[in-house]
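Chain and residue survey
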Amino acid sequence: MNTEPENIIEVRGLRNQFGAQVVHENLDLDVRRGEIIGVVGGSGSGKSVLMRSIIGLNRPAAGSVRLLGIEMTKASEAERSQVEQRCGVLFQNGALFSSLTVADNVMVPMREHFRLPQQAMERFAALKIALAGLPENAGAKFPAQLSGGMVKRAALARSISLDPDILFLDEPTAGLDPIGAAAFDQLILTLRDSLGLTVFLITHDLDTLYTICDRVGVLSRKRVLVCDTLDKVERHDDPWIQEYFQGPRGRSAELAARKTQARPASTTGAA
């Protein structure tokens, strides 16, 4: 009997090219159902391009992307719409609509994909806002009235508005203070465990990698150089990997994660 976790994302031979610039060449990646996978790489390695290719916002020059059983490079409009409903995306800096309240932002995907009574959407939006760790009155506020941490949580509430199978996060803790970033990490972990999510996470945050990621994929030389548990990734002999994980910050993040795992979890409020 096969006990291996199901691959919810399968990327094979991916090639992304913009003019003469080749970003990815012969890139392979598997993402397993229920895991939190962190994707790291140097500037220009194409982390966001890879995410956009997976969710269908960027059409690759070659290769295949199978997402939730659908081949995205050949999918019809109906199939793409079906996959979109099962994917939540948190873009860099939140990407909230500044002219809409938080509640209205959360209701945008509902209005796009379903015909629901306004009262029902408002109830669903309030639930998602609460799940994201925001106070009840946050729904009536505009993005400009929120702190950086609250913007991230509002964007997260929107990304889970349709109860997705997969959550895509692009640098979710960037710009947050250490306390706010740690609280957001724990929120992602809680949502994964309680909602059964699979999380595809782009980050530079070493604390995030050591605290919540089941596996880490390293983008280098236009492909995924290694994708495995952190204890194996950090022993890879690639110079960039060694500098990234074995430097002072990497060792500090690893030590902090071990200390956190050794003591009982505590509840941290919204940043």
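Residues numbered from 1 in each chain as written. Predicted model: local features only at pLDDT ≥ 70, side-chain atom pairs only at ≥ 80, totals over all residues. Heavy atoms only, no water.

Okay, unusual backbone geometry next. Residue Glu-171 is not a glycine yet carries a positive backbone phi of 50 degrees. Inspection of the secondary structure puts Glu-171 in the loop between strand E7 (166–170) and helix H6 (178–195). Given the relative accessible area of 10%, Glu-171 is considered buried. With phi around 55 degrees, Arg-221 is a residue other than glycine that occupies positive phi space. Along the polypeptide, Arg-221 turns up in the loop between strand E9 (215–220) and strand E10 (223–228). On the accessibility criterion, Arg-221 (54% relative accessible area) is exposed. (Helix = DSSP H or I, 4+ residues; strand = E, 2+ residues; numbered from the N terminus. Buried < 20%, exposed > 50% of the residue type's maximum accessible area, 1.4 Å probe, protein only.)

Right, let's get into the sheet that holds strand E4 (residues 62–67). Strand pairing within a sheet occurs via backbone hydrogen bonds; the two strands may be parallel or antiparallel. With respect to topology, four strands assemble into an open sheet ordered E2-E1-E4-E5, the strand pairing being antiparallel. The open sheet is flanked by strand E2 (21–32) and strand E5 (70–71), the only strands paired with a single partner. Strands in contact with helix H1 (residues 47–55) are strand E1 (7–18), E2 and E4; relative to E1, the strand with the most contacts, it is inclined by about 120 degrees. (Pairing = 2+ DSSP bridges. Contact = heavy atoms within 4.5 Å. Axes fitted to C-alpha atoms, helices over the stretch in contact; angles between N-to-C directions.)

This brings us to the pairing of E10. Two elements, E9 and E10, share five bridges in a ladder whose sense is antiparallel. Considered in E10, the bridge of Val-218 is made with Val-226.

Here we take up a nonpolar patch on the surface. A cluster of nonpolar residues, Phe-114, Leu-116 and Phe-124, forms a patch on the protein surface that exposes about 260 Å² of accessible area. In this fold, Phe-114 is placed in the loop between helix H3 (102–113) and helix H4 (118–131). Judged by relative accessible area, which is 39%, Phe-114 ranks as partly exposed. (Patch = residues over 30% accessible without salt bridge, like charges linked within 9 Å, V, L, I, M, F, W, Y side chains within 5 Å. Areas by Shrake-Rupley, 256 points an atom, 1.4 Å probe, with all protein chains shown as cover. Salt bridge = Lys/Arg side-chain N within 4 Å of Asp/Glu carboxyl O.)

Between two packed helices, both the angle of their axes relative to each other and the distance between the axes serve to describe the pair. Direction vectors running N to C along H3 and helix H5 (residues 148–159) enclose 30 degrees, while the axes themselves pass 8 Å from each other. The orientation of H3 relative to H5 falls into the category roughly parallel. Considering only the axes of H3 and H5, their crossing is right-handed. Along the contact surface, H3 presents Val-102, Asn-105, Val-106 and Pro-109, while H5 presents Ala-154, Ala-157 and Arg-158. (Parallel < 35°, antiparallel > 145°, perpendicular 65-115°, else oblique. Left-handed = near helix turned anticlockwise from the far one by under 90°.)

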